[in-house]
Each structure stands twice: as C-alpha cells, then as structure tokens.
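Examination of the molecular architecture
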Amino acid sequence: MTGARMRLFALAAAALTAAAAPVTWAVKAQAETPERVVVTASDARAARGTIVSAEAVAGMTRDEVVQYLAQAGADTAGARHGLDAYRIVYRTIAPDKRPTTAGGLVVLPRDGSRDLRVVAYEHGTMISKAQAPSVQPQQRADAFLFGSAGYAAVAPDYLGLGLGPGRHPYGDVSSEVTASADLLRAARTFAAKQQRRLRSRVLVSGFSQGGAAAMGLARALQRGQVPYYRLAAVAPISGAYDVQNAEIPAALSGDSLDPRRATLYFAYSLTALNRIHHFYEQPSEVFNEPYAGIVEDLFDGEHTDRDVAMALPATPQELLTPRFIAWASEPTGNLLNALRSNDTTCTDWKPRVPVRLYAATGDKDVSILNAKHCVAALRANGVEAPLTDFGDVPHGASKRAALPEILTWFDGLKP
C-alpha cells in the first residue's frame, strides 16, 4: 500500500470517528474492490433514495485538493477548504419503473459549517462502469471543485455505471433525472447523520451528456418532483439539448463534428435507447456488418473507450445502414418519440430562476447549435439565458473554462 493510500485510509478513519449513531447502513473505509449491489424481490417496496451503503473514498486537506485539481488540469482558485468524499449506493428506479440501485459521489467540505448549500453536478459521457465518479478517483475533479469551495457536491454515476447493475441507458434523460433526484434524497439523509444540513435550494450544473441531464433535473426540481428540494439556478455546459435538429444533422454532415466521435455516440445511444424505445429487433436493421454483430457487446460496461473506438469505423456512414440514415434524417415512429422525449429539457418549461449556458464553437463532439437552440427555446418561453461561447476550443476545454465561471456565479447568487 502506498503512503498516499495509507493517508487516505487514515483520513477516512478519522471521518468515521466523528460519524453519528449507526442506522441500517454505516460508513466504512474504502474497499480494495467495491462490491456490486443486487436488488432482490424484497427490495421492491423500499423507498427511493434509501441508502444501501456509504463508503468513505477520499479525505483531503486544502493543499491536497489544490494539488489534485492542478494535476487534473482544473482551476484551483476556488479551492478554499479540505473535503471528505463518500460513495453512496442508494435505491432508485430503472426506466421501466422497476426498483434498482445506483451509486454516486457526495462531497462535504471541511469548512466547519453545519448548514451547506448544494450543487448537483451531472457528468459527461462514460462508457466503462469503472469511469464513474464514485469508483474512479481521476473522475472527481468537478465534484471536488465545488466541494472544496464550501458546497455539498452531489454527483450521480447514473444507472448502470459505477456499482450500478445492468447496462447504462445512455442518453435517456428521464433516468438521469430519477437517479440524480434519488441521490439528492440519499445525500440529505447521509449529511444529517454527519450532523450537517443540506439546504433545500439546489444549484445545478453538468457537462455534455450531463448538460441535458442538468436541465432535466432543474425542470424536475422546479416542478416539485424532488421532495424537500427546489431549484436555485442552473448552468449547463456543452449539452446535447436538441439531438434531432442540431446534433444528428451535424453528425451526419461531417462538417463540424469529429466523425469518429459521432460514430461512437450513434453506436452508444442507439444500442442503449433501443432497450427502451425499440428501434430494431436485430442490430443489422440499423448497423452495417461487421459492426452489427459486435456493437451491442461493446457497450456492456466493461469495455474501455479505446476498446470501443478501435472496434468502430471512422464515420457514421460506415456504421449505419442507408435505411437508418434516411430515418434519422427524417425521424418517425419510435425514433421520433425517443428524440422528442429527450429533446424537451429546454422547450417545455419556463425556468423561474437564473439560467446560464456555456458552449464552444470549436466543439467537435457536441454542436454549439444545441446551446443556441436551447437559448432560443427559453427566450420563446420568456426566459433570457445568456450563452457564453468559448470559441475555437475542443469539447473538454469548454468544461474547464466554464466551471470556474460557474463557481464564481454560484458564489454570488443569494443563498
């Protein structure tokens, strides 16, 4: 065991000493290999947001946080405190409403405060279960940025990632929202056992896949769909808010997006959403050979990004059948229903809180047209939401540029 890991365990143990009286779960130090949780028939009546397990996964001084953020290429100016991070496994629901479990990261600042503002942060696309923030130390910088600034940061893995059973329903906003809402419930219970109170007003942000998820969660909070909590502000980054009219045309034209990345997103989203919306009976109805025979297995949660990228072709035209390309260009039926169910996060509500969007013209993964369409839809509903365009920078750089601005903005909003 390395010295750094021994210090991590010692910090976790110190955090446990201060914990409140145990309930049906108890915080434990990080396991070498976290165990996955299996839902049984007896779990069917368990309340959503009920904690299954809570595990300390990191404890850092402010200096250690600064070092971690710097190594991750993140801004360090907002790091004001040390922090403690916990992996929470909790009960939630699958897209078919059946009970399941999911995991997420809850970060609490070492600032001496018993009363904490809350930031819900939605992560971007991840293919492997092992990439999720609650299990992958290298994926925690965004949550740590807010936690070290004095917020309780709540970062869901989403369904099927981290310790979540089954496959991830990639691109399904509804399940991203339920997983996020139920982690907020679990985080409130967990914080109370640490003698800390989470405030009811939630600041929401997210990147890429998490951009649309952030808007979806914000809508649910404003509509009162998450008990106790309500929306304070929302600031999504480079999200795919309009897949039908912005992302698909840009991906198929090849003019503004990276064809290889577009190919991966097509493969991931179609195989995932097919389990919910039923686009095809056989993969060969959508995917050309030889990819039809392998594409579903690539997204089993065990393959890495590199595995998937090397197995797929260079362009969407090589991956997708001409019939499907025509269908995607003018969607009908189940495909249209799927797109409409996910492309409403900017269109079918009127935020009553401040909204800011962030994107980049140079983004080769998510077209900036998504953000522009979102701004236009909000304006049509009477909401002025400024869009910050970071210019000719790639996808990941838009997040690195946006998060410090979002943190400063959140700091300046009325608690």
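This one's a predicted model, so the numbers in the text were calculated from it and none came from an experiment. (Residues numbered from 1 in each chain as written. Predicted model: local features only at pLDDT ≥ 70, side-chain atom pairs only at ≥ 80, totals over all residues. Heavy atoms only, no water.)

What about the overall build of the chain?
Each helix and strand counted, the chain has 14 helices and ten strands in total. Each of the 415 residues in the chain was classed as buried or not, and the buried ones make up 56%. Restricting to contacts in the chain with at least 6 residues of sequence separation, those with at least 24 account for 80%. For the chain, the accessible area works out to roughly 16900 Å², and carbon and sulfur atoms hold 52% of it. (Helix = DSSP H or I, 4+ residues; strand = E, 2+ residues; numbered from the N terminus. Buried < 20%, exposed > 50% of the residue type's maximum accessible area, 1.4 Å probe, protein only. Contact = heavy atoms within 4.5 Å. Areas by Shrake-Rupley, 256 points an atom, 1.4 Å probe, with all protein chains shown as cover.)

Section: unusual backbone geometry
With an omega of 5°, the peptide bond between Glu-289 and Pro-290 qualifies as cis. Despite not being glycine, Lys-97 shows a phi value in the positive range, around 75°. Relative to the assigned elements, Lys-97 resides in the loop between β3 (82–93) and β4 (99–110). Judged by relative accessible area, which is 55%, Lys-97 ranks as exposed. Its identity as a non-glycine residue notwithstanding, Tyr-228 has a phi of 80°, on the positive side. Among the structural elements, Tyr-228 can be located in the loop between α5 (209–222) and β8 (230–237).

Some details on the pairing of β3
Here β3 lies mainly inside the structure; twelve of its twelve residues are buried. Residues Gly-82, Asp-84, Tyr-86, Ile-88, Tyr-90 and Thr-92 line one face of β3 and the alternating positions Leu-83, Ala-85, Arg-87, Val-89, Arg-91 and Ile-93 line the opposite face, and both faces are buried. Pairing geometry for strand β2 (residues 51–60) and β3, over eight bridges, is antiparallel. Of the residues in β3, the one forming a bridge with Ala-58 is Ala-85. Across twelve bridges, the pairing between β3 and β4 is antiparallel. Its bridge partner lying in β4, Ile-88 is registered against Gly-104. (Pairing = 2+ DSSP bridges.)

Concerning the environment of Ala-385
The topology assignment puts Ala-385 in the loop between α13 (369–380) and β10 (387–389). By relative accessible area, Ala-385 is classed as buried at 5%. As for Ala-385 and Cys-374, which are separated by eleven residues in sequence, their C-alpha atoms are 8.9 Å apart. The contact partners of Ala-385, leaving out residues within four places of it in the chain, are Val-355, Leu-357, Val-375 and Leu-378.

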